[in-house]
Structures are given as structure tokens and as C-alpha cells.
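Descriptive analysis of the structure
If you want the building blocks of each chain, they are given just below.
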Amino acid sequence: MNRAEKIELIELMEEKERRASMNKINLFYPETGPLRRELYIPHQKFFEAGIKYRERAMISANRVGKSEGVGGYELTLHLTGLYPDWWKGKRFDHGIKAWAAGDTSQTVRDIIQTKLLGLPGEYGTGLIPGDLIVTTKNKAGSVPDTVESVSVKHVSGGVSYLGLKSYDQKRKSFQGTEQDVIWLDEECSLGIYAECLLRTMTTDGLVMCTFTPLLGLSETVLSFMPAGKVPEELTETGKYVVTATWDDAPHLTEKQKSELLLSIPAYQRDARSKGIPQLGSGAIYPILEEDITVEPFDIPPIWPKCYALDVGWNRTAALWGAWDQQSDIVYLYSEYYRGQAEPVIHAEGIKARGAWVPGVIDPAARGRSQKDGTRLIDDYAGLGLNLSYAENAVESGLLSVWQRLSTGRLKVFTGLQNFLAEYRIYRRDENGKIIKENDHLMDCVRYMVSSGLGVAQTAPPEEYQEWSNEQQGQFDVVDAVTGY
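Residues numbered from 1 in each chain as written. Predicted model: local features only at pLDDT ≥ 70, side-chain atom pairs only at ≥ 80, totals over all residues. Heavy atoms only, no water.

**Here we look at empty space enclosed by the protein**
For the structure on display, the rule yields one cavity of 30 Å³ or more. Put simply, the largest cavity is a space of about 50 Å³. Lining the largest cavity we find Ser-105, Val-108, Lys-139, Thr-146, Val-147, Leu-164, Lys-165, Ser-166 and Gln-169. Sorting the residues of the lining of the largest cavity by element identifies α4 (105-117) and β5 (159-166) as the ones contributing at least two each. Among the elements that line the lining of the largest cavity, the one with the most residues is β5, at three residues. Of the residues contributing to the lining of the largest cavity, the split by class is three nonpolar, four polar and two charged. (1 Å grid on protein atoms, 1.4 Å probe; cavity = no way out; pocket = protein on both sides within 12 Å on 5 of 7 lines; lining within 4 Å. Points joined across faces, edges and corners; volume = space filled by probe spheres on them. Helix = DSSP H or I, 4+ residues; strand = E, 2+ residues; numbered from the N terminus. Nonpolar A, V, L, I, M, F, W, Y, C, P; charged D, E, K, R; others polar.)

Structure (C-alpha cells):
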């Protein structure tokens, strides 16, 4: 090979490399290999859900590909119309109008803009193929090399228009024009989210969110996860949400995951490695759910029982506890949770769990009912409930509950789903005030720990007779130790 041929070969190789760099999107989700698309299960579910759901969120761990491999990837397909053969999500057969938004102008430039376009001076090396970028318009301001808008060729022959925005531009900057697709990378306020949703209403467009829930159980997170976790039935919210952990990212090695975990503060590890909303400084009981729950078991009749009652028309709630005095552990084993019913209905539900069990009631029951002026506690006492008033010193009660939870002396049966749903979102606002929403069972546990244990009683003789011979034999031994 002579010198001219060598130069030509080098130029051909450089051109091949250049063309490959200008078509980065083709490298994602191959059919075969260690990074084949079938291994990216949450990612594929997110794409496919676009057919049915206008609102979608991937609330996931860091480094799982949610920004580039999910939000940026799908947005690029819609901008260009270059859908792969395997694509099962929504398709646009024309040029679209879209927004991509993030925290600040700088993070939008460094993350969203770079992933979509490439570095300044190298536009076309990002997800959007270089030969499809028509124009880019820079944004005036203090952050250099910031792009405000991009026009992109669509395979239909039309042109798509993309605007880059940031949350620090405030809600008003998200008002006005209709959009077909909006990608929100990192969590935004519920106000900005609502504006984006309005922008897509008349176009039947898409709103896509991709973020790690570092702000805890914020309004935006709770709009997708009403009880602090992915709802069992997505029809509850009309929105689609999928989570992804490090184990859902084949591109992360075990060594990388171990090193990443060690570099993350303990309180952020669940959020950054699993996509679980971190408890945050506003959580009243900053203790993981898995550390307080136990599988249900038969309660020994020698353990004193009690319940706590929180009354109201919109929601009446009761919570039962059994006290293992030898270990000083209280087990919350049953709950009652019903709204808009008369006291007689609630009383029957409560007595069904043992009419002999004593209870403590919300001191607000001293007030008169709206129905006929009688006191609620008189209503319930007349219906056969053995009730006394609970202590309602809020902060000291919260401290008592926290002390038991943090020392393993308060456990919750896993079947108490209403209790756990309230537990996940029980928090203070930015001013330190308790958010009084969906906290009925949280009040009950405070009444129980502060006052209920003082009135708790062991089961009457007939309850012991129902105890199985095998179990009774076990507690004959315990009796000899405890004196019960």
C-alpha cells in the first residue's frame, strides 16, 4: 500500500468514526449482547406505557440510564420519527413541538443539552443525529454555551422544534404554548408539573418525568405514589410510574455498585440505589419501614391488649396493640379504617375484634357531635365500648413513639396497610408543623403509647380456652418465668 492509499484509508476510517459519532442513538438497546434491551425491563415498560398513559414517571436510582437511556432516548425518537422496529410505545407521524427541562440553566446545559446535542462545538454527537439538526439558537444570559431551542428534521419531511427550559425560570415560563412532548429531567414542583400537563392537553401529548426522589415524599412524588410507593393498581392515579434499582441496570458491575454505595451518605442510599423516596428532614419517624414490620402471628392471651380510637365523619380509625411485657415490645396487630358512617357501624367493627379490649379515645371526643349535640364518647360508651380519654400532648407523644420505634420496642404487622401508608407520608412542613393529612392512625399510635398501655388488659378466661393445646403448653413454661 502506497502513501496515497494509506492516507485514503485513514480518511475513510475517520469518516466512519465521525458518522458513528453522529448517530449515537443507534448504539442503544441492541438485540444481542451483554447490554441487550431485554435486560432493561423497567426501561422497556416505561416506553410501552406511552401508548396508554399521557403521564409517566421513572422514579429510580441514580446511574440506571433514566436521563439518557429513557427520557432523552424517547424524546429523540419523537423529534426525529426514527423509531426502531422493536418500538412498542407511542409514535408521532409528523414533526412535533417539545420541551426538555431540568433544575437550572447550568444543569440543563451540562446534562440535557449535552446528552441530546453533544458538547459545544461538537453538536450532533449526542442522541439527536447530526445530519438531522437544522438549527440551534443560543440563550442570552450568564451561563455560556446554553442552547435555548433546536429545530430537528423529522422523517415525515416536517420539522420538530425543541425548547430547553429550567425550573428556576419559575412557573410562568411554562405557560402559554401547546406542546406534544415534555420531558422533565429531575423533579419539579407540582405547580410546574401542572403547567406542563396543561400544555399537552389539547394535543393529547406526553409528559415524561425521570428523576431520583431525593426530595422525599414531595407533592410531585405523592401524585404518582399516593401512599409513598407504586400503587398496586395504576388506575388509582391515571398515571404510570415505574421504579428501577441498580440491579435493573446491566451496565453497572457489582464492583461499581459496591463503590458507589460506599460513597453515598447512609440516609440517601435507598433513594440513590433503589429509587425509594428518602425520608428527608421532614419525616417525623425517620426509620425504615422494613425495620419496624413483622409478619403476623397469633397473639398470646397473656399479653395485655388495648386499642386507640380517632373519630371523625370523614374518617374514623382504630388501632390495636398487644404488649409483650417481658420484652417490653408493643405489637400493632389490627386496624379499623372507615369514613362517613354512624357510630353504631364503627362500634360494631371495633367490638368484632374483642368487645372486652379497653380503648383510649381522641380527647376531641369531648366535643359535641354535629348530629344531636351529644358527646361522641357518650355515643360510643352507650354502644358497649370501654373507653377513656387519651393523653394528647403531641410532641411528647411523638417522642415516646419514636423512642419505641428506634429501639425496636414497637413493631407493626405487615397486614396493616393503612397504617403503613400513613407512616410513609407522616411529615412536617418547611416550618416544622405537622402536615395534618391522612394521619388518623398516626394519632392512634400516639394515643396508644401515651395512654393505651396504662389501661391494657389480658384476655378473659374464655380467650385462654380457645388457645390451642400446643400453644398453651408453650406458655405454661412462660408462665413459670414471668409469673403470669
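After presenting the structure, the write-up continues.
**Focus on the nonpolar core**
Inside soluble globular proteins, nonpolar side chains tend to come together where they are buried. In this structure, Tyr-73, Leu-75, Leu-116, Leu-162 and Leu-184 are the most contacted members of the largest nonpolar core, which totals 72 residues. When sequence neighbours within four positions are dropped, the list of residues in contact with Leu-75 reads Ala-98, Ala-100, Leu-116, Leu-162, Val-181, Trp-183 and Met-208. By size, the runner-up hydrophobic cluster in this structure holds 58 residues, among which are Trp-320, Trp-323, Ile-377 and Met-448. (Core = buried A, V, L, I, M, F, W, Y, C linked by side-chain atoms within 4.5 Å. Buried < 20%, exposed > 50% of the residue type's maximum accessible area, 1.4 Å probe, protein only. Contact = heavy atoms within 4.5 Å.)

**Brief notes about the packing of helix α12 (residues 417-425) against helix α13 (residues 440-455)**
Contact geometry for α12 and α13: axes closest at 8 Å, N-to-C directions at 95°. One way to sum up the angle between α12 and α13 is to call them roughly perpendicular. For the pair α12 and α13, the contacting residues are Asn-418, Phe-419, Glu-422 and Tyr-423 in the first and His-440, Leu-441, Met-442 and Val-445 in the second. For the contact of α12 with α13, the class distribution of residues is five nonpolar, two polar and one charged. (Axes fitted to C-alpha atoms, helices over the stretch in contact; angles between N-to-C directions. Parallel < 35°, antiparallel > 145°, perpendicular 65-115°, else oblique.)

**Focus: the sheet that holds strand β13 (residues 359-361)**
Strand pairing in a sheet relies on backbone hydrogen bonds, with the paired strands running either antiparallel or parallel. As summarised here, the arrangement of the seven strands in space is β9-β15-β12-β11-β10-β13-β14, forming an open sheet in which the pairing is mixed. Looking at which strands have only one partner, the edges of the open sheet turn out to be β9 (293-294) and β14 (387-389). Together, β9, β11 (316-324), β12 (329-338) and β15 (410-413) form the strand contacts of α12, whose direction differs from that of β12 by roughly 100°. (Pairing = 2+ DSSP bridges.)

**Some remarks on the environment of Leu-399**
Here Leu-399 shows up in helix α11 (residues 394-406). In this structure the C-alpha to C-alpha distance between Leu-399 and Ser-450, which are 51 residues apart in sequence, comes to 9.9 Å.

**Here's the deal with the sheet that holds strand β1 (residues 55-59)**
Pairing is mixed in the open sheet, where eight strands are placed in the order β3-β4-β5-β2-β6-β7-β1-β8. The open sheet terminates on both sides in strands that have one partner only, identified here as β3 (133-138) and β8 (240-242). Strand after strand, the sheet turns through a mean of 15° between neighbouring axes, direction not considered. As judged from the five bridges shared by β1 and strand β7 (residues 206-211), these two strands associate in the parallel manner.

**Examining the state of the cysteines**
For the coordinates displayed, the defined rule picks out zero disulfides. Looking at the unpaired Cys-196, the closest cysteine sulfur is the one in Cys-188, lying at 6.1 Å. In this structure Cys-209 is a free cysteine whose sulfur lies 5.8 Å from that of Cys-188, the closest cysteine sulfur available. Residue classification places Cys-209 among the buried positions, given a relative accessible area of 2%. (Disulfide = S-S within 2.5 Å.)

**Some words on the pairing of β15**
Here β15 shows no split at all, with Leu-410 and Val-412 on one side and Lys-411 and Phe-413 on the other all buried. Examined bridge by bridge, β9 and β15 share two bridges and lie parallel to one another. Within β15, the residue paired with Thr-293 across the bridge is Val-412.

**Considering the pattern of salt bridges**
The final tally for this structure, using the stated rule, is 22 salt bridges. Two residues, Arg-199 and Glu-195, come together in a salt bridge whose shortest N-O distance is 2.8 Å. Residue Arg-199 and its partner Glu-195 are located together in helix α5 (residues 190-199), separated by four residues, close to a single helical turn. The exposure class of Arg-199 is buried, given its relative accessible area of 13%. The exposure class assigned to Glu-195 is buried, which follows from its relative accessible area of 6%. Here Arg-428 ties to Glu-395 by a salt bridge, and the two come within 3.1 Å at their closest N and O atoms. Of this pair, Arg-428 sits in the loop between α12 and α13 while Glu-395 sits in helix α11, and the two are 33 residues apart along the sequence. Overall, Glu-395 belongs to the partly exposed group, its relative accessible area being 47%. One continuous salt-bridge network, built from bridges that share partners, spans Lys-436, Asp-439, Asp-443 and Arg-446. (Salt bridge = Lys/Arg side-chain N within 4 Å of Asp/Glu carboxyl O.)

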